Amino acid sequence: MGRLFIESLSGPRIFKCKSCKVDSASPDHIVSKAFQGRFGRAYLFRSVVNVSLGPREERLLVSGLHSVNDIYCSSCQQLLGWRYEKAYEESQKYKEGMYILEKERMLKAECHQYDCDLIGCRCIF
């Protein structure tokens, strides 16, 4: 097994895996905050980092039938949400290739510069 590659994101606010605090997404890539996941509120993102995909499966969601892959933190393997691979209803096609991150599984880290204690923070003092 090789070395694990972890991508770090820059910016004052970063969504991180709640279990291991590895960067997962930037708020700049949020498409919508009005989604429902398995564990409560969820956000729809255009892109995420440091995730691995589970097998493709057909899932009947609130908005209809979709082909999805569960997504896991690539560091600790915590289930974070899912990726929309295919939407069968025309009105839902905009979700294809996008990601749902469950708010319950995420930590929204904010940099406070001078009193910053975030793991991996690259503050400039």
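Higher on the page you've got the structure.
Residues numbered from 1 in each chain as written. Predicted model: local features only at pLDDT ≥ 70, side-chain atom pairs only at ≥ 80, totals over all residues. Heavy atoms only, no water.

J.: Give me the lowdown on the nonpolar core, citing residues and values where you can.
T.: For soluble globular proteins, nonpolar side chains are generally found buried alongside one another. Membership of the largest hydrophobic core comes to 13 residues, with the highest contact counts inside it found for Phe15, Ala25, Phe45, Val48, Leu80 and Leu101. Sorting the residues of this core by element identifies strand 1 (13–17), strand 4 (40–45), strand 6 (64–73) and strand 8 (99–102) as the ones contributing at least two each. With sequence-adjacent residues up to four places away left out, Ala25 is seen in contact with Leu9, Ile14, Phe15, Phe45, Ser47, Val48 and Leu101. Core analysis: the second largest hydrophobic core is formed by nine residues, Phe35, Ala42, Leu44 and Trp82 among them. (Core = buried A, V, L, I, M, F, W, Y, C linked by side-chain atoms within 4.5 Å. Buried < 20%, exposed > 50% of the residue type's maximum accessible area, 1.4 Å probe, protein only. Helix = DSSP H or I, 4+ residues; strand = E, 2+ residues; numbered from the N terminus. Contact = heavy atoms within 4.5 Å.)

J.: If you had to explain the side chain of Ser32 to someone new, which residues and values would you point to?
T.: Checked against the element boundaries, Ser32 lands in strand 3 (residues 30–37). Within polar-contact distance, the side chain of Ser32 engages the backbone nitrogen of Ala34 at 3.1 Å. With residues up to four places along the chain from it excluded, the contact list for Ser32 reads Ala42, Tyr43 and Leu44. (Polar contact = N/O pair within 3.5 Å; in protein donor to acceptor, adjacent residues only side chain to side chain.)

J.: So what's going on with the sheet that holds strand 3? Residues and values would help.
T.: Through backbone hydrogen bonds, the strands of a sheet pair up, either in parallel or in antiparallel fashion. Read across the open sheet, the six strands follow the order 3-4-8-7-6-5; overall the sheet is antiparallel. Both outer strands of the open sheet, strand 3 and strand 5 (51–61), are each paired with one neighbouring strand and no more. Across the sheet, the mean angle from the axis of one strand to that of its neighbour is 30°, orientation sign disregarded. (Pairing = 2+ DSSP bridges. Axes fitted to C-alpha atoms, helices over the stretch in contact; angles between N-to-C directions.)

Geometric descriptors of this kind do not, in isolation, establish any biological role.
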